[in-house]
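Structural features, examined
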Amino acid sequence: MSGYEDEKSMLPYIIGAVILFFVGTAGTTYLPFYDDQMQAPNQNAELRHLSVESSEYRGREVYIREGCHTCHTMFVRPVLADSSLGPISQPADYYYDAPAMLGTKRTGADLMWVGNRWNEDWHREHLLNPQKVLPGSIMPRYDYLSDEDLEDLIAYLMSLKPSPQTEGRPVE
Amino acid sequence: MPSPSAKKDPYLPSKIYLYSSLFWLAIGMIYGLILSLKFLWPNFLAFGPFQVIFQYGRIRPIHTNLVLFGWLTMANIGALFYVIPKLCRNQLSFEKIAAGTGIVWNIIVLAGTVALTMGFTTTTEYAEWPLWIDVLVILGMAAVALVCFATIASRKEKQLYVSLWYFMGSLIWLIGLYIIGNLPYKLLSGVPQFLIFWFYGHNVIGLWFTTVGVGLIYYLLPYLTRNPLYSHKLSLIGFWTIATFYVWNGPHHLQNGPIPLWLMKAGVIPSVLLIIPVWSVLANVFGTLKGKWHALSRNTPLKFLIVGAVFYLVTCLQGPFHSLQGPSSVIKFTDWVPGHAHLPLFGAFSFVAFSFMYVFLPKMLKTKLYSSKLMEWHFYLAVTGMFLFAFSTWSAGVLEGFAWIEGAQYGMQFVEMLISMRPFFAIRAVAGAAMLISSFVFIYNLAMTIIKANRNSQNEEISAG
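Rules of the game
Residues numbered from 1 in each chain as written. Chains lettered and ligands numbered in written order. Predicted model: local features only at pLDDT ≥ 70, side-chain atom pairs only at ≥ 80, totals over all residues. Heavy atoms only, no water. Helix = DSSP H or I, 4+ residues; strand = E, 2+ residues; numbered from the N terminus. Rg over C-alpha atoms; globule rule 2.2 N^0.38 Å. Buried < 20%, exposed > 50% of the residue type's maximum accessible area, 1.4 Å probe, protein only. Contact = heavy atoms within 4.5 Å. Areas by Shrake-Rupley, 256 points an atom, 1.4 Å probe, with all protein chains shown as cover. Lys, Arg positive; Asp, Glu negative; His and termini not counted. Charge placed at Lys NZ, Arg CZ, Asp CG, Glu CD. Axes fitted to C-alpha atoms, helices over the stretch in contact; angles between N-to-C directions. Parallel < 35°, antiparallel > 145°, perpendicular 65-115°, else oblique. Left-handed = near helix turned anticlockwise from the far one by under 90°. Nonpolar A, V, L, I, M, F, W, Y, C, P; charged D, E, K, R; others polar. Salt bridge = Lys/Arg side-chain N within 4 Å of Asp/Glu carboxyl O. Polar contact = N/O pair within 3.5 Å; in protein donor to acceptor, adjacent residues only side chain to side chain. Domains from an automatic or database assignment.

This part covers the overall build of chain B. For chain B, the count of helices and strands is 16 helices and 0 strands. Over its C-alpha trace chain B gives a radius of gyration of 22 Å, about what one expects of a compact globule, namely 23 Å for 465 residues. Considering only C-alpha atoms, chain B reaches an extent of 75 × 55 × 50 Å along its principal axes. Within chain B, buried positions represent 67% of all 465 residues. Taking as baseline every contact in chain B between residues at least 6 positions apart, the subset at least 24 positions apart corresponds to 83%.

Dropping the structure here:
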């Protein structure tokens, strides 16, 4: 093992590791901010741009606090598995979402446009006792939420609707 | 009374990390089992304050953070503090700082768990801990990196062995990606932010757990087989290709999603090319084993190591496959994904950590392992658990994917699909129990080794006095 002179210095490894890391980081995390599709919000983004005082905004905070995003995606793809979920997600839809909750696991249904699917009463009953509304569901009960939290959360879920303009967007 | 035992224990920092990792392993696995039971009985433990404390959405990140940062990261750092001085033929630099970071790291993991229980989360997968804890993590990791780099810089062995390349890279990468992944989440927004989340989520596995694990494989394998490393060239190829390609993998988590086509290609092509570093590591493993396969039957730590390496191969053959558009359109978001995620973290790199601790913890204590029979039990229970977990989640995942394609996408149809998955969820819970029991066997075995060693050293003191 004595013939490898270049392997007696730490520098090539440190410099190489840093440079390769930054090239990949720039490509996958920095450049996307400058893509045209990411630059401007659309009408959906405006609908999802909640004012801090609104009930919907507080509902979103409840959604985050209870970890709803660990089981529910907000991510409609142009694939058969998502064909009846509503308009396909565009980068512009998420323009104001912070944190962005596209999700990674669909233990429950996708919620991108859930506001179109049910009404307030359905959500209230479902959140208090999911098995009563959907027998066999494995969603936990949220009957421990305060009335205010519950109503805020319902307001947030009902706000997740596509804009009238988007409804004409192709689904397939 | 000033006794001779007051002299410094050179392995103290390593021991602090390894002992703590055992504790967090137990807690993290218990959370995992609770989660798997909630798939069968959603109202399991849902009474009184436990309904909130063990609410699924709150404890899922607790499970992942505990096993990733409480168990595997602490085990990794404990191993680094032992292996680096051995490879450098010197002592660990800044021993006091090293030991101090071990205590700080325990406080971090505890604080993170409490914060998540209370519902403070950033939603970034594997980085859910709040910002103030992230700052501590980065300071702690910087101190760990300082200790490691200072030790390597003052080495007595000029040649840098392949493990050290991986360790140096991992320490730099972890700090870099942890900072980028934990930028204040209100500061950024939208799809670019989600890309950053998955840049972090994928790379914390690939540029920390994987690269430290591979470094340890390169250290343990020649040690356990008493064969020299098969090929120097392969290890060079493996290191530089993983450093080049891995960092590009984030975008494939948005496959078929709202990202531009160029970015999808930029994410998928390096994912497929990852087969090169994986295969070069595995070729090196099999080459080094040449003529020593018979040792596998008697050497349980070697079994853990080789089975871990094979699980690593399987994971990394799966990964490129489901980063592609077609397979992704079926299995993305399904239970296939947790199956895939457990394979490298429990199957591959926890096995490497088990192997390391079985061999070197008794050495640090100058004693023998308490029971090799229990070690054997640990191995078979862990492998059985991993297989059951993997095959139940993979099968469920494919079935779920096709059920969605047939229209079971929300409401009662979705729930009917879930009901038909119950048998798989039951197998997954049994698998979780097997993995939990195997870990308890492991912890008990090492705890008894530690207790016995301490008793022996006390006796020696008495007889010496």
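So, about the overall build of chain A. Tallying secondary structure elements over chain A gives 7 helices and 0 strands in all. Helices (α) and strands (β) of chain A occur, in sequence order from the N terminus, as α-α-α-α-α-α-α. Taking 2.2 N^0.38 as the reference for a compact globule, 172 residues should give roughly 16 Å; the C-alpha atoms of chain A span a radius of gyration of 22 Å, well beyond that estimate. The C-alpha extent of chain A, read off along each of the three principal axes, is 75 × 35 × 35 Å. Pairs at least 24 apart in sequence give 72% of the contacts found in chain A among residues at least 6 apart. With an accessible surface of roughly 7,400 Å², chain A has 58% of that area assigned to carbon and sulfur atoms. Counting 14 positive and 25 negative side-chain charges, chain A places the centres of these two groups 5 Å from one another.

Let us look at the packing of helix α1 (residues 11-30) of chain A against helix α7 (residues 190-225) of chain B. Where α1(A) contacts α7(B), the two axes come as close as 10 Å, and the packing angle between them is 150 degrees. What the angle tells us is that α1(A) and α7(B) run roughly antiparallel. Crossing hand, α1(A) versus α7(B): right-handed. Here F21(A), T25(A), T28(A) and T29(A) of α1(A) lie close against α7(B), whose contacting residues are L195(B), I196(B), F199(B) and L207(B). Split by residue class, the contact of α1(A) with α7(B) holds 5 nonpolar, 3 polar and no charged.

A few words now on the interface of chain A and chain B. At the interface, 79 residues of chain A touch 89 residues of chain B. In this structure, the salt-bridge partner of E61(A) is K186(B), at a minimum N-O distance of 3.5 Å. Taken together, the links from chain A to chain B amount to 25 residue pairs in polar contact (both at pLDDT 80 or more). Every element with two or more residues in the side of chain A that touches chain B is listed here: α1, α2 (36-39) and α4 (55-65) of chain A. Ranked by residue count, the leading element in the side of chain A that touches chain B is α1(A), at 14 residues.

On to the domain arrangement of chain A. Segmenting chain A into domains produces domain 1 (1-34) and domain 2 (41-168). Centre-to-centre separation of domain 1 of chain A and domain 2 of chain A, based on C-alpha positions: 41 Å.

Looking now at the environment of I30(B). Residues and elements named next belong to chain B. Looking at the secondary structure, you find I30 in helix α1 (residues 12-38). When the C-alpha atoms of I30 and H63 are compared, they prove to be 8.3 Å apart, with 33 residues separating the residues in sequence. I30 has contacts with L436 and F440, leaving out every residue within four places of it along the chain.

The omega angle of the peptide bond from A98(A) to P99(A) is 0 degrees, so this bond is cis rather than trans. By secondary structure assignment, the location of P99(A) is in the loop between α4 and α5 (120-128). We note that L45(B) has phi near 70 degrees; this positive angle belongs to a residue other than glycine. Looking at the secondary structure, you find L45(B) in the loop between α1 and α2 (50-53). The backbone phi angle of R226(B) is positive, close to 55 degrees, even though this residue is not glycine. Accessibility expressed as a relative area gives 68% for R226(B), which makes it exposed.

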